[in-house]
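This is what each chain is made of:
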Amino acid sequence: MTGQQSCERGGFGSRVGFVLAAAGSAIGLGNVWRFPYTAGQHGGAAFVLIYLVCVAAICVPVLFAELAIGRATRRNPVGAFKALAPGSRWFVVGGLGVLTGFAILAFYSVVAGWTLGYLGKALLGAFAEPLTHEQSVAMFEQIEGAGIVPVLLTGAFLLLTALVVRGGVEAGIERAAKILMPIFFLLLVAMAIRAMTLEGAGEGISFFLKPDLSKIDGGVFMGALGQAFFSLSLGMGAMITYGSYLGANERMPGAAVSVAVADTTIAVLAGLIIFPTLFAAGGDPSAGPGLVFVTLPTVFGKLPAGFLFAIAFYSLLVIAALTSTVSLLEVVVCYFVDERGWKRERATWLVTLGCFLLAIPSALSGTFLDWQSIIFGNYALTIGAMLICLFVGWVWGVPAAVEEIGRGGAVFPLAAAWGVIVRWVAPVAIAAVLIYIVATGNYM
Ligand code: PHE
């Protein structure tokens, strides 16, 4: 080890720094791309309902657990488990997280590359005229299905991420995001209003908001749980890393809840854009990973100055994705720097190169991407989160964790309930969903 401090980033006052970094990690393609298509595949509003329950009852408690581990140890995920349970094998959970982060980065950067492609199209004026659904499908094919193009776009996005992580300019990006993300939010609100007032939008609104409880099955639970962990960047240690940004005098609970609320609001807004637009155009909500990319372009033509709207939207989405890929790469790089003694520069380039190689199959095949997203985005994060709960609840211990969460004079009125959730409710609920999935063989 080259020392526990070597991967810490300076540059901001801690509470603001934490909220910016954590919200930057959480808000990204998970909200705008993955949430709507997963909801679409799992019956719409029934999924949304279970998703909200998962966020409030399981994911926010896990967020507290990860932040507590991070603030108490100020280390990368592997080092953090080693510090809290020396001599045990719990560090393997941190290792699983690092591996998961690597694999997520590999498919995430493919989708981020598509976003870059759309930004290019927007700048070239492709959204100046209103597009039909069919034209939009053809446009997606020119990006996603064009062989070398998506590979190059993926590489470009990974390069961008590596330059940020290597240069240690994340603080600058996050400061910029502080101004840009509220603009993104306003843009999404404007798009949602336009989408919901399209002719034929009503059906889309009810698909997204009026739950049909008969659609709830094991797959819906698994999909919602996995998506909730994915969207909040939980289960792989990103929030362990970012917990170290919270100074000892900062109040964690409020900051953590604001990150979760911001993240969930953006996801719901994205749904309120996608489904009304999609149903108005007669598209299929279970289309999978291409859903959002095919649906969104048709709404720009119906907005005033639609092509400027498109440029602003894709620029902001690229930045939102970048603050997420930075957090993924950062976790993996920190592991190599802190635990393996690599130089930051070397770690950044080697990890990025490895990621690019793993990304190529996803860039070439939507099916491969879908599988990567399910295995690592759903299952690995969910299992990781379960192990983190077991660790905090039974090994590190609820009293020590509660003390950490309440540090800095924070009020933590639900401490007792939180203890029961991390010891019992979350691990049992997650295990039950996993067993049910295995028993029914319904893995998607
Ligand atoms: N939460 C990010 C998003 O929704 C993705 C991510 C997952 C980032 C896991 C870090 C860790 O876009």
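Because the structure is predicted, anything quoted here is derived from the model rather than measured. (Residues numbered from 1 in each chain as written. Predicted model: local features only at pLDDT ≥ 70, side-chain atom pairs only at ≥ 80, totals over all residues. Heavy atoms only, no water.)

*Asks:* What exactly am I supposed to notice about the overall build of the protein here?
*Replies:* A count of helices and strands for the protein gives 18 helices and zero strands. When its C-alpha atoms are laid out on the principal axes, the protein stretches across 60 × 50 × 40 Å. Evaluated residue by residue, the protein yields a buried proportion of 58% over its 444 residues. Within the protein, contacts between residues separated by at least 24 positions form 85% of all contacts whose residues are at least 6 apart in sequence. Accessible surface, the protein as shown: approximately 16,100 Å² in total, 69% of it carbon and sulfur. For the protein, the distance from the average position of its 23 positive side-chain charges to the average position of its 22 negative side-chain charges is 10 Å. (Helix = DSSP H or I, 4+ residues; strand = E, 2+ residues; numbered from the N terminus. Buried < 20%, exposed > 50% of the residue type's maximum accessible area, 1.4 Å probe, protein only. Contact = heavy atoms within 4.5 Å. Areas by Shrake-Rupley, 256 points an atom, 1.4 Å probe, with all protein chains shown as cover. Lys, Arg positive; Asp, Glu negative; His and termini not counted. Charge placed at Lys NZ, Arg CZ, Asp CG, Glu CD.)

*Asks:* How should the environment of Ala 83 be read in this particular structure?
*Replies:* As for its placement among the helices and strands, Ala 83 is situated in helix α4 (residues 77-84). C-alpha separation for the pair Ala 83 and Ile 104, spaced 21 residues apart in sequence, amounts to 26 Å. Each residue touching Ala 83, except ones within four places of it in the same chain, is listed here: Thr 73 and Arg 75.

*Asks:* What exactly am I supposed to notice about the site of the ligand here?
*Replies:* Taken together, the neighbourhood of the ligand is formed by 14 residues, with Ala 26, Gly 30, Tyr 108, Phe 230 and Ser 233 sitting nearest. Taking Ala 26, its main chain carries an N or O atom lying 2.9 Å from an oxygen atom of the ligand. Protein chains bury 100% of the 320 Å² of accessible surface belonging to the ligand in isolation. A molecule is said to occupy a pocket when more than half its atoms come within 2 Å of that pocket's grid points, and by this definition the ligand occupies the largest cavity. Going through the elements one at a time, α1 (14-26), α2 (29-41), α10 (218-231) and α15 (306-340) are the ones with two or more residues in the shell around the ligand. (Near = heavy atom within 4 Å. Polar contact = N/O pair within 3.5 Å; in protein donor to acceptor, adjacent residues only side chain to side chain. 1 Å grid on protein atoms, 1.4 Å probe; cavity = no way out; pocket = protein on both sides within 12 Å on 5 of 7 lines; lining within 4 Å. Sits in = over half its atoms within 2 Å of the grid points.)

*Asks:* Just checking my understanding: could you explain empty space enclosed by the protein for this structure?
*Replies:* To find the voids left in a structure, one rolls a probe of water-molecule size over its atoms. Using the criterion set out here, one finds four cavities of 30 Å³ or more in the structure. In this model, the largest cavity occupies a volume close to 130 Å³. What lines the largest cavity is a set of 15 residues, among which Ser 25, Tyr 108, Phe 230, Ser 233 and Leu 328 lie closest to the centre. Of all the elements, α15 adds the most residues to the lining of the largest cavity, at three residues. A breakdown of the residues in the lining of the largest cavity according to their chemical character gives eight nonpolar, seven polar and no charged. (Points joined across faces, edges and corners; volume = space filled by probe spheres on them. Nonpolar A, V, L, I, M, F, W, Y, C, P; charged D, E, K, R; others polar.)

*Asks:* For this particular structure, what's the right way to read a nonpolar patch on the surface?
*Replies:* A contiguous nonpolar surface patch, about 560 Å² in accessible area, is contributed by Trp 394, Val 395, Val 420, Trp 424, Val 425 and Val 428. Among the elements of the structure, α17 (366-406) and α18 (415-440) are those that each provide at least two residues to the nonpolar patch. A per-element tally of the nonpolar patch places α18 first, with four residues. (Patch = residues over 30% accessible without salt bridge, like charges linked within 9 Å, V, L, I, M, F, W, Y side chains within 5 Å. Salt bridge = Lys/Arg side-chain N within 4 Å of Asp/Glu carboxyl O.)

*Asks:* I tried to follow the packing of α2 against α10 on my own but got confused; where do I start?
*Replies:* For any two helices packed against each other, one specifies the crossing angle of their axes together with the interaxial distance. Interhelical geometry of α2 versus α10 gives an angle of 180 degrees and a closest axis separation of 11 Å. The angle between the axes of α2 and α10 places the two elements in the roughly antiparallel class. Contacts between α2 and α10 involve Gly 30, Asn 31, Arg 34, Phe 35 and Thr 38 from the first element and Gly 223, Gly 226, Gln 227, Phe 230 and Ser 231 from the second. A breakdown of the residues in the contact of α2 with α10 according to their chemical character gives two nonpolar, seven polar and one charged. (Axes fitted to C-alpha atoms, helices over the stretch in contact; angles between N-to-C directions. Parallel < 35°, antiparallel > 145°, perpendicular 65-115°, else oblique.)

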